[in-house]
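# Architecture at a glance
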Amino acid sequence: MAGKPLKKSRLHGVSIRQLVEDIPEGFSTPDFQQKPVPMALQEGKNAIFRAVVCGEPRPKVHWQCTKGNLSNSSKYEISSAPGSKEHVLQINKLTGEDTDVYRCTAVNMYGEATCSTRLMVIEVGFRKNRKRHKEPQEDLRKELMDYRNLLKKRAPPPTKKKPNLEQVWQLLMTADRKDYERICLKYGIVDYRGMLRKLREMRKEHEDKMAQYVNAISNLRHIKVSKEGVATFDLELDLKYSGSKIYLYKDGEMIPYGFDNQFKHCLRQLGKRYHFQIRDLHPEDAGIYQVKVEDVEIFSTELDASAIPARVVVPLAEAHCEEQGDAVFECVLSNPCPNATWNFRHRPLQLSNKYEVSVSPDGLTHRLVVRGAHFSDMGLYSLGTGFHSSSAWLVVEAGKDKGLTTTSDYHQLQARRGGKDGRSDIYGQGRDATPSTRSRSKRGTDAFSKEAQGPMSYFSKSLVDLEVQQGEAAVLSCTLTRDLGPGAWFKDGVKLSAQDGVTFEQDGLVHSLLIAHVQGPQAGRYTFVAGNQRSEATLSVHDRPVIAPDVTEKLREPLVVKAGKPVTVKIPFQSHLPVQAAWKKDGAELVGSGSSRGVQLALGDGFTRLCLPSAGRKDRGQYSVTLRSEGGSVQAELTLQVIDKPQPPQGPLEAQDCQGAGVCLHWRPPQDDGGRALEHYVVERRQAGRSTWLKVGEPPTGTTTFTDTHVEQGKKYTFRVRAVTSEGPGEALESTEVLVAPEALPGPPSTPAIQSASSQGITLTWTAPRGPGSAHILGYLIEKRKKGSNTWTAVNAQPVPGRKWTVVDMRQGCQYQFRVTAVAPSGPGEPGPPSDAVFARDPMRAPGPVRDLQVTDTSNTSITLSWAQPDAQDGDEAQGYVVELRGSDSLQWSPCHTGTVPVTTFTVKGLRPQEGYFLRVTAVNDGGHGQPTALDTLVQAMPVTVCPKFLMDSSTEDLLMVRAGDTIRVPVSFEAAPMPEVTWLKDGLPLPKRNVTFTKDGLTQLLIPVASLSDSGLYTVVLRSLEGKEATYSFPLRVAACPKAPGPIRLQENVPGTVTAEWEPSPDEAGDVPLHYEVLTRSSAHGPWRQVADHVHTNHFTLLGVLPGHEYHFRVVAKNELGASQPSDTSQPWCIQRQRDRFTVKAPSYREPDLSQKPRFLVGLRTHLLPEGCECCMSCAVQGWPRPSVTWFKDDQSLAGNPEVYSTDVLGVCSLIIPSVSPKDSGQYKAVAENTLGQAVSTATLIVIESSS
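Here the structure is a predicted model, which means the values were calculated and not measured.

### So, the overall build of the protein chain
Counting its regular elements, the protein chain contains six helices and 98 strands. When each of the 1253 residues of the protein chain is scored for burial, the buried share is 40%. In the protein chain, the proportion of contacts linking residues at least 24 apart, taken out of those at least 6 apart, comes to 61%. Only carbon and sulfur atoms are counted for the fraction: they give 50% of the accessible area of the protein chain, which is about 71,900 Å².

Below is the structure:
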């Protein structure tokens, strides 16, 4: 096996080894149509690997991992559906030990195929940092207890619902054809042609359903994820009813959506355009999304998990290493991100031998190794995915035999780290305890610890940067290592004294500066100098806004309003700096809509205000406002409760007929009670055909069922239920129409069986009916009719209790049919099916043998027999016949049909070609089967030989004439058996390659797609049978074209009062096809042409009766059987001048009307919503005199001279064209029309939707 070559698979990463030299035709080595994909899952979840394997014979599939076999059935579940190519490995309850490489191997007798995949288990909780080996027993016991507590608190992992096949078909119906292969491969659809056929059928049904609610649907755009991480899809929808409800589903479950950016799922509508957005994407957002109008699916699209931006699952951790050592950073993402980049100090990392970057095979774990770290490598390292990032610090420590970290490096690290998060330094040095609890300290540039003190250092603790609120106390303190004499304090380079409002303190080597109530001017850079040593720090003073305590106390009480009422919340504050107010509701930021219905936000001098013009239940919740200035921020919170009538109970309202006990109703409580406790429900009923609702009950709130016993049988009713609170009854939930069924009648008995028949009577038997109403049968009514009649006659007047009866009142020799009806206390039921026709006569004798049995026709699959009826002297008349056959190698006769054959001919079908069969026929009647008659010889299943001949009739033309350029189809019918060899010839030679012939079922056809003059000739069809007999048919074919135009026309007057037109003959006049000329004239350059001569076979024509003063234009057209040529016209008309007398015409005088009018727009501009990159054309129509001039503006800026746009003005229709719009083109556009009498203005808005990429 080692010497066998490796075959190449269609999928990357699959290795195939052939085990034999040659593979027979129809067999193949195993291969993978779908590989198992790598996974990264949290511990506790289940991992499912799927592989689709092909090969003939069907291969056996084995799963393995590098750590051993997978024999634990409770841990590893290996399955494959019967007849399916998909094989599944499921690993239950993942732990960190399951991280491994898993191999799938498919083997059959001709080869084996192997592929591998990787599983990475992400450990959570304390398991991330636990030691796996040699743990102390006590630590292990404590860790297990902590893990049990963690499991109790942790919610079960969400299970991803796999979309059913119906959702996949809905996705395929609206998907692009180029995506069919990807979707089929993803969801295991292997029958591609069957998929296309089913889609065509589903589209027909789907269009009928959509027609109920939708006029048209167009411009479907599938899900795309933008650079901001927002998934969008949209469509244009023309609804029949504007009130139709639109629902959004994900994987078959309905999901709510809003109409602004505060919701995760958002719908924006502009006209007929519906634009859906999905924000804050997570991996669980992947799936199939469907848009429904009422209950009909309109559009399906899929958000693939690979399109969702990667998130950080396991962030970077702070790394420590000794100088010249290696530091390692690792980060785990939720899904692969090939564009992830490493940064050092917020700048892209320049890759070199110092930095080693690697990614795990599954693309989830990103690793950075810093080789030979120095103190200059200390700082913030981060990994960015484009949407999310994770960062951590690298701390380089000095070795035991080396000096400690240099002061400058250490100060630089402390300043950067302190500026970020305000934590203590990395060597454990705490903060100064004397500043206010609300101040934040930053490590100064001269600070270092005692352990890092050098030989020339005089400060064991330096000054620390402070941030305090205005009015609080501030303390700046530093500690010397020895006494350097009295020190001095400076602010911004100016020495301080006690008159500056500060206090100096010294306690041994500790020097402090105290400011009791810090004010804004006291902020600055403070310096302490002792001897020739100094330490500096910055004091920052913040002045944040202040809200009065009484206002805060009032906001703690919930604000209760009724729905529909306005709500206004005004919060006063004090601040010396400019303030910005940010309102939030339930953690989501509020944006003022500016409309009369939406949220209105205002910020004034010393107050901020929230206004809801009409409060609704959706407005209830927790509101907060954050007032922020350069001096800090303050937050206030309030709770808004909106009281309204309850929503309708949750449906559907189930109404069921309880079979005599009334109608039982069932519903669910309303989803929203309006903020008040439910008091009771109100149940109402309406009879079909009436408009009045009748109150039938008031069930209490504790029950959601009700039975209406006051209903009438056989009538239809509709019910509705309302929830009632102290605010009144809410909207009603209405049921579908329900029919109260009357008491059931018995079902029909079985078909009567004929037990015996004679001239004295016929005995019948039957079985009792089943189903509702058939439990108590009083008896049965029996009816009869003559065969061929539609009238049933009662046999018994009273029901008979038994299920057997003999009918005696019949005419001998007639055929009768019978049926039975069951009778119950509720009445008679439906009659049962009629019996077979039976003669009222004594039993018959069996018929004699058939006569003159012979074969009339044979084919490759059938044999036709005919025979004569039996002789009447041998028995009674035959009622039918039975045809049987057996093979030449069999002794068993088999019937060729079911029942009997009523006629004396029959065709036996479904035979094997060229095989021999024995056949026989038996006559049958009520007396039994007669003597069978068999053929003496073996009959072969093969067609009868028919000599080839053509089937021509009187309608066949002797000569075919076709216009050049047309398609020629010449069908020729013939008969022959078996099918002869058909040969087409042209002028005795084989046909050209561009000519096509077709032969099937006694018809051969010649096809010339485009006829040319060279196709003229004598065509011959030759039929040649297998025995060499021939039949020939010939026909001439002539291809001609319309004639070419005649030459120039010359006009001359040979006789006064006439004009003679002569022209050059058409070039086709000398051809085989005869032609003639048609002459036409007209009296003006634009008048209609009229015919003056036709069928002119010469090249000249004389027109008589020419009148002076009239113009005559001539036109000549050449014609033949196929049509007319292009016309040839005279260049100058023929005209004879006419002498006229002079006369004078006095022109009437008139006054010019005043048409002055100031500009006005007949058609104004309209709003445009366009995707990025499309052409925009804004048009309007303006009227006025003098003709107004139109000027275009964008956001009140003139567009004159703008090279990116151009405008047109055609007869008052003015247009502004933007060849390719971009987001910067969005705005307010205005067209201003002006003349001397005034001006007019028309405005419109252009909205450009950014393309998702």
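### Quick word on the sheet that holds strand 26 (residues 379-384)
Strand order in the open sheet formed by five strands is 20-27-26-22-23, with mixed pairing between adjacent strands. The open sheet has two free edges, formed respectively by strand 20 (319-322) and strand 23 (347-348), since each of these has just one partner strand. Relative to strand 27 (residues 389-397), strand 20 runs parallel, the two sharing four bridges. Residue pairing in the sheet places Ala 319 in a bridge with Leu 394 of strand 27.

### Describing the packing of helix 3 (residues 180-187) against helix 4 (residues 192-210)
Across the interface, helix 3 lies against helix 4 with an axial gap of 12 Å and an inter-helix angle of 105°. Taken together, helix 3 and helix 4 sit at an angle that is classed as roughly perpendicular. Every residue of helix 4 that contacts helix 3 at Tyr 180, Glu 181 and Cys 184 is listed here: Tyr 192, Met 195, Leu 196, Leu 199 and Arg 203. Residue classes in the contact of helix 3 with helix 4 are distributed as six nonpolar, no polar and two charged.

### Thoughts on the nonpolar core
Phe 233, Leu 237, Phe 276 and Ile 298 are the most contacted members of the largest nonpolar core, which totals 27 residues. Elements with a minimum of two residues in this core: strand 11 (214-225), strand 12 (231-239), strand 13 (246-250), strand 16 (273-278), strand 17 (287-293) and strand 18 (296-303). If one sorts the elements of this core by residue count, strand 12 sits on top with five residues. Once residues within four sequence positions are removed from consideration, Phe 276 is found in contact with Ala 231, Thr 232, Phe 233, Leu 235, Ile 246, Leu 248, Cys 266, Leu 267 and Val 291. In terms of nonpolar packing, the next biggest core, distinct from the first, is built from 25 residues, Leu 316, Ala 319, Cys 337 and Tyr 381 among them.

### Looking at the pattern of salt bridges
Tallied over the entire structure, the rule returns 46 salt bridges. Between Glu 698 and Lys 695 there is a salt bridge, and its shortest N-O distance comes to 2.1 Å. Two residues, Arg 1024 and Glu 981, come together in a salt bridge whose shortest N-O distance is 3.9 Å. Taken together, the residues span a long stretch of sequence, with Arg 1024 in strand 79 (residues 1017-1024) and Glu 981 in strand 75 (residues 981-986) at a distance of 43 residues. The class for Glu 981 is partly exposed, based on a relative accessible area of 47%. When salt bridges with common partners are traced through the structure, they connect Asp 465, Arg 525, Arg 534 and Glu 536 into a single cluster.

### A few points about the pairing of strand 55 (residues 753-757)
Judged from the four bridges that link them, strand 55 and strand 56 (residues 762-765) form a sheet pairing that is antiparallel. When the sheet's bridge partners are listed, Ser 756 is paired in strand 56 with Thr 763. Between the end of strand 55 and the start of strand 56, which pair antiparallel, lie four residues.

### As for unusual backbone geometry
Across the junction of Gly 651 and Pro 652, the peptide omega takes the value 0°, indicating a cis bond. Tracing the backbone through its elements, the reader meets Pro 652 in strand 46 (residues 649-657). Residue Trp 1185 is joined to Pro 1186 through a cis peptide bond whose omega torsion reads 0°. Its place among the elements puts Pro 1186 in the loop between strand 92 (1176-1185) and strand 93 (1189-1194). The backbone of Asp 852 sits at a positive phi, close to 55°, despite the residue not being glycine. Its identity is not glycine, yet Gln 914 carries a phi of approximately 65°, on the positive side. For Gln 914, the location among the structural elements is in the loop between strand 67 (905-908) and strand 68 (916-925).

### Overview of helix 2 (residues 165-174)
Within helix 2, eight of the 10 residues are buried, which leaves the element mostly enclosed by the surrounding structure. All of the buried residues along helix 2 are Gln 167, Val 168, Trp 169, Gln 170, Leu 171, Leu 172, Met 173 and Thr 174. Buried residues along helix 2 sit against helix 3, helix 4, strand 11, strand 17 and strand 18.

### Some remarks on a positive patch on the surface
A surface patch of like charges, here positive, comprises Arg 177, Arg 197, Arg 200 and Lys 204. Secondary-structure assignment places Arg 197 in helix 4.

### Let's talk about the side chain of Thr 1081
Its place among the elements puts Thr 1081 in strand 83 (residues 1076-1082). The exposure class assigned to Thr 1081 is buried, which follows from its relative accessible area of 1%. The residues contacting Thr 1081, other than those within four sequence positions of it, are Pro 1088, Trp 1089, Arg 1090, Val 1092, Leu 1103, His 1113 and Phe 1114.

### Looking at the confidence of the model for the protein chain
On average, residues of the protein chain carry a pLDDT of 82, and 90% of them reach 70 or more. Across residues 126-140 the pLDDT falls below 50, and counting only partners more than four positions away or on other chains, this stretch makes 15 contacts in the model. Predicted confidence for residues 400-456 stays below pLDDT 50, and this span has 99 contacts to residues more than four positions away or in other chains.

### Remarks on the packing of aromatic side chains
Per the counting criterion, the structure on display carries 18 aromatic pairs. Seen in terms of ring centroids, Phe 233 and Phe 276 are 5.1 Å apart; in terms of plane orientation they differ by 10°. Their pairing is stacked. Taken together, the positions of Phe 233 in strand 12 and Phe 276 in strand 16 put the pair 43 residues apart, joining distant regions of the chain. According to the relative accessible area criterion, Phe 233 is buried, its value standing at 1%. Here Trp 766 and Tyr 780 contribute two aromatic rings whose centre-to-centre distance is 5.7 Å and whose plane-to-plane angle is 70°, an arrangement assigned as edge-to-face. Of the two residues, Trp 766 is situated in the loop between strand 56 and strand 57 (779-786) and Tyr 780 in strand 57; the sequence distance between them amounts to 14 residues. Tyr 780 matches Trp 766 in its accessibility class, with the two residues each being buried. Each member of the aromatic cluster is reached from another via a ring pair, and the members are Phe 233, Tyr 257, Phe 259, Phe 276 and Phe 299.

### What about a negative patch on the surface?
Residues Glu 201, Glu 205, Glu 207 and Asp 208 make up a contiguous surface patch of negative charge. Counting through the fold element by element, Asp 208 comes out in helix 4.

### Some points on the environment of Cys 1042
On the secondary structure map, Cys 1042 appears in the loop between strand 80 (1030-1040) and strand 81 (1049-1052). Accessibility expressed as a relative area gives 29% for Cys 1042, which makes it partly exposed. Once the C-alpha coordinates of Cys 1042 and Gly 1123 are considered, the two residues, 81 residues apart in sequence, prove to be 5.3 Å apart.

### As for the sheet that holds strand 47 (residues 663-670)
Read across the sheet, three strands follow the order 46-47-50 without closing on themselves; strand pairing throughout is antiparallel. Both outer strands of the open sheet, strand 46 and strand 50 (705-708), are each paired with one neighbouring strand and no more. Along the sheet, successive strands turn relative to each other by an average axial angle of 20°, direction set aside. Sheet topology note: the strand 46/strand 47 ladder contains six bridges and is antiparallel. Note that in strand 47 the partner of Asp 657 across the bridge is Val 663.

### Focus: the packing of helix 2 against helix 3
Here helix 2 crosses helix 3 at 170°, and the two axes come no closer than 10 Å. Between helix 2 and helix 3, the angle is such that the two are roughly antiparallel. Residues Val 168, Leu 171 and Leu 172 of helix 2 pack against Tyr 180, Ile 183 and Tyr 187 of helix 3. Residue composition of the contact of helix 2 with helix 3, by class: six nonpolar, no polar and no charged.

### Comments concerning the side chain of Thr 1058
Following the sequence through the fold, Thr 1058 ends up in the loop between strand 81 and strand 82 (1059-1063). A polar atom in the side chain of Thr 1058 sits 2.6 Å from the backbone oxygen of Val 1055.

### A look at helix 3
Where helix 3 is concerned, the buried positions are Tyr 180, Ile 183 and Cys 184. Burial along helix 3 is one-sided: seen end-on, the buried residues are contained in an arc of 100°. Buried-residue contacts for helix 3 involve helix 2 and helix 4. Where helix 3 terminates, the next one or two residues include Gly 188, which has phi positive at roughly 75°.

### Brief notes about the environment of Glu 236
Take Glu 236: it is sitting in strand 12. Separated by 15 residues in the primary sequence, Glu 236 and Arg 221 have C-alpha atoms spaced 9.4 Å apart. Sequence-distant contacts of Glu 236, defined by excluding residues within four places in its chain, comprise Ala 216, Ile 217, Ser 218, Asn 219, Lys 272 and Arg 273. A distance of 3.0 Å separates polar atoms of two side chains, one belonging to Glu 236 and the other to Asn 219. Only 3.2 Å separates the side chain of Glu 236 from the side chain of Arg 273, close enough to count as a polar contact.

Definitions and cut-offs
- Residues numbered from 1 in each chain as written.
- Predicted model: local features only at pLDDT ≥ 70, side-chain atom pairs only at ≥ 80, totals over all residues.
- Heavy atoms only, no water.
- Helix = DSSP H or I, 4+ residues; strand = E, 2+ residues; numbered from the N terminus.
- Buried < 20%, exposed > 50% of the residue type's maximum accessible area, 1.4 Å probe, protein only.
- Contact = heavy atoms within 4.5 Å.
- Areas by Shrake-Rupley, 256 points an atom, 1.4 Å probe, with all protein chains shown as cover.
- Pairing = 2+ DSSP bridges.
- Axes fitted to C-alpha atoms, helices over the stretch in contact; angles between N-to-C directions.
- Parallel < 35°, antiparallel > 145°, perpendicular 65-115°, else oblique.
- Nonpolar A, V, L, I, M, F, W, Y, C, P; charged D, E, K, R; others polar.
- Core = buried A, V, L, I, M, F, W, Y, C linked by side-chain atoms within 4.5 Å.
- Salt bridge = Lys/Arg side-chain N within 4 Å of Asp/Glu carboxyl O.
- Patch = residues over 30% accessible without salt bridge, like charges linked within 9 Å, V, L, I, M, F, W, Y side chains within 5 Å.
- Lys, Arg positive; Asp, Glu negative; His and termini not counted.
- Charge placed at Lys NZ, Arg CZ, Asp CG, Glu CD.
- pLDDT = per-residue confidence, 0-100.
- Phe/Tyr/Trp six-rings, centres within 6.5 Å; stacked < 30°, edge-to-face > 60°.
- Polar contact = N/O pair within 3.5 Å; in protein donor to acceptor, adjacent residues only side chain to side chain.
- Arc of directions from axis to C-beta.

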